[in-house]
Amino acid sequence: MSNTPMAASPLTRAVLEIDEYVSGLGWDRPARLFALVDTARLRAQEPSLAAQLGLGEESESAGYTPIEQEEIPSGKPLDEFLGTIAWPDAVTGCAVTVERLMLPPSAEAQVPSGLDEAGLAEWVAQHPERQEVRMTVAVLRDGSRESALRLREKDSPTEVLTGPDLVPGLAEALAATFAD
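A. Fine view of the environment of Val111. Of note, Val111 is situated in the loop between β3 (93–102) and α5 (117–126). In this structure Val111 comes out as partly exposed when scored by relative accessible area, which is 34%. Expressed as a C-alpha distance, the spacing of Val111 and Val167, which sit 56 residues apart in the sequence, is 21 Å. Contact partners of Val111, with chain neighbours within four places excluded, come to Leu120 and Trp123.

This is the structure we're talking about:
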């Protein structure tokens, strides 16, 4: 079972559970996609699957169970891939984890003009202030959002930053997977 705080909202607990799981796999991993299903509904409608997932009756009933999906294609940009997804009604929300390089806001003024996307990526990768970050972002059908950010240099469960608006662009892309 996860070591996530019980006082957190169910969506925050799900995001932290995914972060903890992916953290156990190590760094330098491809993006991962998860469906979020209502735990109580899963237990009631699919008891054998719930048992396989370790969701016994003693498990918390209010919350979301993350179910990892097939691997995201490596040759396709994440935003394009997310644009191809449609979820069945049983899926309450979804989440994705991605690793990226980031720079502090102070580096924004240093970005050379005229760089294409590949040039910018190369420039960021060479920047001395770059930091590797793992982002876990989740959205629900009702529009609720949550994110967790973990810096590679502070790779500890106690150093994970959470909040609903940490990665708004990725949250929007995930929310669009539920649009009719």
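Further notes follow.
B. Representation of the environment of Ala95 within the structure. Considering the arrangement of structural elements, one finds Ala95 in strand β3. Look at Ala95 and you get buried, because its relative accessible area is 0%. C-alpha of Ala95 to C-alpha of Ala175: the two residues are 80 residues apart in sequence and 9.8 Å apart in space. For Ala95, the contacting residues outside a window of four places in its chain are Ile18, Arg32, Leu33, Phe34, Val137, Ala138 and Leu174.

C. Summary view of unusual backbone geometry. Phi angles above zero are rare outside glycine, and Asp28 is one such case at about 60°. If you trace the backbone, Asp28 turns up in the loop between α1 (10–25) and β1 (32–38). Exposure remark for Asp28: the relative accessible area of 54% places this residue in the exposed category.

Thresholds applied
- Residues numbered from 1 in each chain as written.
- Predicted model: local features only at pLDDT ≥ 70, side-chain atom pairs only at ≥ 80, totals over all residues.
- Heavy atoms only, no water.
- Helix = DSSP H or I, 4+ residues; strand = E, 2+ residues; numbered from the N terminus.
- Buried < 20%, exposed > 50% of the residue type's maximum accessible area, 1.4 Å probe, protein only.
- Contact = heavy atoms within 4.5 Å.

Just geometry here; none of it tells us what the structure is for.
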